[in-house]
Amino acid sequence: DKLRLDPPEFTVKNYACQRRTPLKHNNTHLTHALELLAESAAFGENEGRSVAFTRAASVLKTLPRSVQRIEELRGLPCLGEHSLRVIKEILEYGASQEVESTRQSEQYQAMKALTGIFGVGVKTADRWYREGVRRPSDLMDSEQKLNQAQQAGLQHYKDLNTCVSKAEADAIGVIVDQAVQAVLPGAQITLTGGFRRGKESGHDVDFLITHPEEGKEEGLMPKVVNWLDTQGLLLYQKTTRNSYLESKDGPARPPSNMDRFERCFSIFKLESQSCSPPEREKSHQWKAVRVDLVVSPFSQFAFAVLGWTGSKLFERDLRRYAGQVKNMSLNSHSLFDSHQRCFLRATSEEEIFSLLGLEYIPACDRNA
Ligand code: 8DG
Ligand code: MN
Ligand code: MN
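Below or above, wherever it landed, is the structure these notes cover. This one's a predicted model, so the numbers in the text were calculated from it and none came from an experiment.

**Side note on the coordination of the manganese ion (ligand 2)**
Then step 1. Coordination of the manganese ion (ligand 2) by the protein is provided by Asp-204 (OD) and Asp-206 (OD), with metal-donor distances spanning 2.0 to 2.1 Å.
Then step 2. The buried category is assigned to Asp-206, whose relative accessible area is 9%.

Structure, rendered in structure tokens:
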């Protein structure tokens, strides 16, 4: 028929790292629905299904205008039968029954609330759910054993579930820079994560720390953390040391896609910035804010920035592209060419994209 002969409405590349995904797009009503299904699948520990919905949403984020008819999606990658059915229903009726019933379900709501506690993952939340826990407040007077992270998460539940603004992220940046300069002059900090991609708010603030003289950064994290702690700026912190092993031929490859930098998961006590006096009296004068700190050797800095800027799907596809298309292995430390059997050095993100044969995608267009 005639429709079949028309050229596709849109063309979209397969991997998220091959396309530009800006922060603002034209299909939020569809992407929110698909992302809710992705979240629900993750709660059910069905990662494959979760990634499939996330990919479908991500493809819609790259389209230059809002989708009106399902036919316009013909030929697009990553849109499976299930995603298409949901999209079609929303286009025709304004909502999807599956999405709405998931949103209303006791299990989804409980899992959302419980995994919203810092330190609580899907496995723990699911176990609690099966034992009858529904809300964070159910944990306060229960027998459930909580580790230190979870105790802090419960204590600061409200603050940690309030978005962090860019202004708050910048204020934290000033503090982190002070701490870093105090213990290692000349060290450099870089804002990574969602804020580097141009987000105006986020669930935490991510920083990467390095020093232009290789080796100077060793053992830096405990000193920074100690400085912050002494100033009374930390409500919680867990530091893990660098477990990255150097071998003769270059850096050894970590076994998983978890990286091996010195890092710190923390909760900052951020003094209120500019609340008007009456507002200050109502509530406490500080806010608990999640902050991730990572220390990278200078030689790995470009890989670390690329790896910690996200989005998560963008990172996943960068690695998948490197492996499947280029026979290379990419992580936050290095790029290994399996064919030439050697590490490829790079000192900028641009260089890494180029080594992968990819067009450079700036951070603001990595919101896949
Ligand atoms: P948000 O905080 O505003 O919600 O968004 P985000 O900044 O994009 O999310 P994030 O959870 O803070 O993660 C930021 C980036 O950090 C993301 O691209 C994934 C990356 N990241 C982790 N954990 C690890 C890890 O263990 N290794 C590596 N290489 N990257 C990680 O979150
Ligand atoms: Mn973040
Ligand atoms: Mn983070």
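Past the structure itself, the notes keep going.
**Here's the deal with the site of ligand 1**
Then step 1. Close to ligand 1 lie 19 residues, the nearest being His-203, Asp-204, Asp-259, Lys-312 and Ser-332.
Then step 2. A distance of 2.7 Å separates an oxygen atom of ligand 1 from a polar backbone atom of Gly-194.
Then step 3. At 2.7 Å, a side-chain N or O of Ser-332 approaches a nitrogen atom of ligand 1.
Then step 4. For ligand 1, whose accessible area on its own is 630 Å², the fraction buried by protein is 83%.
Then step 5. Of all the secondary-structure elements, those providing two or more residues to the shell around ligand 1 are α12 (193–196), α15 (301–309) and α16 (312–326).
Then step 6. Across the shell around ligand 1, the residue classes break down as 2 nonpolar, 8 polar and 9 charged.

**Quick word on the coordination of the manganese ion (ligand 3)**
Then step 1. On the protein side, the manganese ion (ligand 3) has Asp-204 (OD), Asp-206 (OD) and Asp-292 (OD) as donor atoms, found 2.1 to 2.2 Å from it.
Then step 2. Each donor residue of the manganese ion (ligand 3) lies on the same chain, and together they follow the pattern D-x1-D-x85-D.
Then step 3. We classify Asp-204 as buried; its relative accessible area is 6%.

**Let's talk about the sheet that holds strand β12 (residues 342–343)**
Then step 1. With antiparallel pairing, the 3 strands of this open sheet are ordered in space as β10-β11-β12. Where the open sheet ends on each side, the last strands, each with one partner, are β10 (328–330) and β12.
Then step 2. Across 3 bridges, β10 lies against strand β11 (residues 335–337) in antiparallel orientation. Directly across from Met-328, in β11, lies its bridge partner Asp-337.

**With respect to unusual backbone geometry**
Then step 1. Gly-310 connects to Ser-311 through a cis peptide bond whose omega is -5°.
Then step 2. Take Ser-311: it is sitting in the loop between α15 and α16.
Then step 3. For Cys-78, which is not glycine, the phi torsion reads 65° and is therefore positive.
Then step 4. Within the fold, Cys-78 resides in the loop between α3 (47–61) and α4 (81–93).
Then step 5. The phi dihedral of Asn-327 is positive, around 55°, even though this residue is not glycine.

**Brief notes about the pairing of strand β4 (residues 205–210)**
Then step 1. Counting buried residues in β4 gives 6 out of 6 residues, a clear majority hidden from the surface.
Then step 2. Side chains Val-205, Phe-207 and Ile-209 project from β4 onto one buried face, and the interleaved Asp-206, Leu-208 and Thr-210 project onto a second face that is buried too.
Then step 3. Where strand β2 (residues 188–191) meets β4, 4 bridges bridge the pair, whose relative direction is antiparallel. Note on β4: the bridge partner recorded for Gln-188 is Thr-210.

**Brief notes about the pattern of salt bridges**
Then step 1. For the structure on display, the rule yields 27 salt bridges.
Then step 2. Residue Arg-55 pairs with Asp-317 through a salt bridge whose shortest N-O separation is 2.6 Å. With Arg-55 in helix α3 and Asp-317 in helix α16, the pair connects residues that are 262 residues apart, well separated along the chain.
Then step 3. The exposure class assigned to Arg-55 is buried, which follows from its relative accessible area of 13%.
Then step 4. A salt bridge links Arg-134 to Glu-106, with the shortest nitrogen-to-oxygen separation between them at 3.0 Å. Here Arg-134 is found in the loop between α7 (122–130) and α8 (137–140), whereas its partner Glu-106 is found in helix α6 (residues 106–115), with 28 residues between them in sequence.

What counts, and where the lines are drawn
Residues numbered from 1 in each chain as written. Chains lettered and ligands numbered in written order. Predicted model: local features only at pLDDT ≥ 70, side-chain atom pairs only at ≥ 80, totals over all residues. Heavy atoms only, no water. Donors = N, O, S within 2.8 Å, 3.2 Å for Na, K, Ca; no water. Buried < 20%, exposed > 50% of the residue type's maximum accessible area, 1.4 Å probe, protein only. Near = heavy atom within 4 Å. Polar contact = N/O pair within 3.5 Å; in protein donor to acceptor, adjacent residues only side chain to side chain. Areas by Shrake-Rupley, 256 points an atom, 1.4 Å probe, with all protein chains shown as cover. Helix = DSSP H or I, 4+ residues; strand = E, 2+ residues; numbered from the N terminus. Nonpolar A, V, L, I, M, F, W, Y, C, P; charged D, E, K, R; others polar. Pairing = 2+ DSSP bridges. Salt bridge = Lys/Arg side-chain N within 4 Å of Asp/Glu carboxyl O.

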